[in-house]
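# Structure assessment
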Amino acid sequence: MTGKTAFETRHGFARNKVLLGNWRESPFSRWSFQNVGELVPSARVAAASSGSEAPAQDLDGLLDEKVALTGGAETVAAFLARSDTDALTITKAGKFVGDWFAPHMEFGARHIIFSISKSLTAILAGILEGEGVFDPQAPVTRYLPEAAGSAYGDASVRHALDMSVSLDFEEAYLDPESAFARYRRATLWNPGGGTESLADFILTLQRLAEPHGRTFRYRSPNSDLLGILLERASGQRFAELMHEKLWLPLGAMSEASVTVDMAGTARTAGGISVTPRDLARVGEMMRQGGIAHSRRIVPEAWVRDTVSTGGDAEAWQRGAMAFRFPQGRYRNKWYQTGAASGAFCGIGIHGQWLYVDPKAEVVIAKMSSQPEPVDEPLSVDMVTFFDALSRMV
């Protein structure tokens, strides 16, 4: 009998058990979410600096503090375990005040952020808008004439940014026979891909009868489309654009990556991987109104519109996610919570969060490997947890 490999001893399963067909399933996701590039083709986004991160900040003083949640009081440590947290990083007034990592994730490791990728992609749209290169009010067909026969043929870029395209498509994460499964194959995230590119798939989608702009509909292809539009408008590949316009001025300390399809098209709806600290830096830049290191990255008016004043409250209320933030709105792929704190956030499946509390001057980046793509009761507790944590630090 052969002994266990070092990999199996550490992770509880052998590396050859992690496959394209199961990489988003527990327990394999605890490793694969940090190593997506071993499973899906990925493009590199170089770091801004060749230096190293400052040492991790101990969170031990907070771990025994209790938070009042739906099921009763729970310690911070217990909640981190229950919510399958891989990493938690907190900043207060721009300073790193806490870093926590599960035993299977090391300080400085990258982790996929799923749909927070949408929020980062929208920042690039805001930057290009500020440069006069990209117009959110323009029709999609200005940048992508091929979209004329699809659902996007009479949609604007704004509709795609705010998820108000009247798109005949469902986010059926767990249905292997759905159009969503075909979409995943086109991104090379599922077995059987390589016969249809992401762009080809998107251009086959059709619209519903309802006018665009009336209802918030969370549909990920809108955000992959946005990445394609940004490439068309800028003349740059997405990874180059992210490096030049965001990662460099942000001062990102670590390399990022984004998964790509058979044609090299970036999965801007969910394929970006970053470190917890660099994700927190994005949140802090947004908290500061678009500034990092005394340098403006995004127009202040765009940030204010995104996190505070913009968005259609009626469209949000008509959508299927209004229960999450009853007083909230959705703008430029960021969620406004409607809370008195002015909190806003980016959210990804399997428990990825970038939560910003302007009133408390706190940013929280949480990376997770929750077994279910969406766990709404846990999401409700998550917001309560972040609000409490913001007041603790």
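Residues numbered from 1 in each chain as written. Predicted model: local features only at pLDDT ≥ 70, side-chain atom pairs only at ≥ 80, totals over all residues. Heavy atoms only, no water.

For the rest of this paragraph, the subject is the pairing of strand β4 (residues 85–92). Burial within β4 is extensive, with seven of its eight residues counted as buried. Relative to strand β15 (residues 362–368), β4 is paired through seven bridges, and the arrangement is antiparallel. Looking at β15, one finds that T89 is bridged to A365. Note: β4 against strand β5 (residues 95–101), six bridges, orientation antiparallel. Paired with A87 across the strands is F101, a residue of β5. Remark: two residues form the turn of the hairpin made by β4 and β5, two consecutive strands paired antiparallel; A93 in that turn has positive phi of roughly 50°. (Buried < 20%, exposed > 50% of the residue type's maximum accessible area, 1.4 Å probe, protein only. Helix = DSSP H or I, 4+ residues; strand = E, 2+ residues; numbered from the N terminus. Pairing = 2+ DSSP bridges.)

Below, the discussion takes up the nonpolar core. The biggest cluster of nonpolar side chains holds 74 residues, and the ones touching the most others in it are L120, I123, F134 and W247. Looking at which element gives the most residues to this core, the answer is helix α5 (residues 116–130), with eight residues. Each residue touching I123, except ones within four places of it in the same chain, is listed here: L246, V282, M285, M286, V298, W302 and W334. Formed by 36 residues, the second largest nonpolar core is a distinct cluster that contains L80, W353, I364 and A388. (Core = buried A, V, L, I, M, F, W, Y, C linked by side-chain atoms within 4.5 Å. Contact = heavy atoms within 4.5 Å.)

It is worth spelling out the environment of T187 at this point. Its location among the elements puts T187 in the loop between α8 (179–186) and α9 (198–202). With a relative accessible area of 1%, T187 lands in the buried category. Excluding residues within four positions of it along the chain, T187 makes contact with V40, L198, V260, D261 and R267. Here the side chain of T187 touches R184 through a polar contact of 2.7 Å, landing on its backbone oxygen. (Polar contact = N/O pair within 3.5 Å; in protein donor to acceptor, adjacent residues only side chain to side chain.)

Attention shifts here to the UniProt feature "domain: Beta-lactamase-related" (unreviewed entry) in the protein chain. In this numbering, the UniProt entry assigns the feature "domain: Beta-lactamase-related" (unreviewed entry) to residues 78–375. Summarising residues 78–375: 33% helix, 17% strand, and an end-to-end C-alpha distance of 17 Å. (UniProt positions renumbered as here; feature names shortened; annotations may be inferred.)

One open sheet accounts for seven strands, arranged β5-β4-β15-β14-β13-β12-β11; its pairing is antiparallel. Of all strands in the sheet, those bounded by a partner on one side alone are β5 and β11 (329–331). Adjacent strand axes in the sheet meet at a mean angle of 20° when their direction is disregarded. Here strand β13 (residues 344–348) pairs with strand β14 (residues 352–357) via five bridges, running antiparallel. Bridge pairing in β14 places G348 opposite Q352. (Axes fitted to C-alpha atoms, helices over the stretch in contact; angles between N-to-C directions.)

This next bit is on the packing of helix α11 (residues 238–250) against helix α12 (residues 276–287). It is at 10 Å that the axes of α11 and α12 come closest, and there the two elements cross at 95°. The angle between the axes of α11 and α12 places the two elements in the roughly perpendicular class. Packed against α11, whose contacting residues are L246, W247 and L250, the element α12 presents D278, R281, V282 and M285 at the interface. Residue composition of the contact of α11 with α12, by class: five nonpolar, no polar and two charged. (Parallel < 35°, antiparallel > 145°, perpendicular 65-115°, else oblique. Nonpolar A, V, L, I, M, F, W, Y, C, P; charged D, E, K, R; others polar.)

Attention shifts here to α8. Since the α-helix advances by 3.6 residues per turn, residues separated by three or four positions end up pointing in the same direction. For α8, every residue scored as buried is listed here: F180, A181, Y183, R184 and A186. Those residues of α8 that are buried are in contact with α9 and α10 (221–234). The positive-phi residue at the C-terminal boundary of α8 is L188, with phi of around 70°.

Using the criterion set out here, one finds 30 salt bridges in the structure. When the shortest N-O distance is used, the salt bridge between E74 and R82 registers 2.9 Å. Put simply, D381 and R82 hold a salt bridge, and the shortest N to O gap is 3.1 Å. Here D381, found in helix α15 (residues 376–392), pairs with R82, found in helix α4 (residues 76–82); they are 299 residues apart in sequence, far enough to count as distant. Salt bridges sharing common partners tie together E53, D99, R277, D278 and R281. (Salt bridge = Lys/Arg side-chain N within 4 Å of Asp/Glu carboxyl O.)

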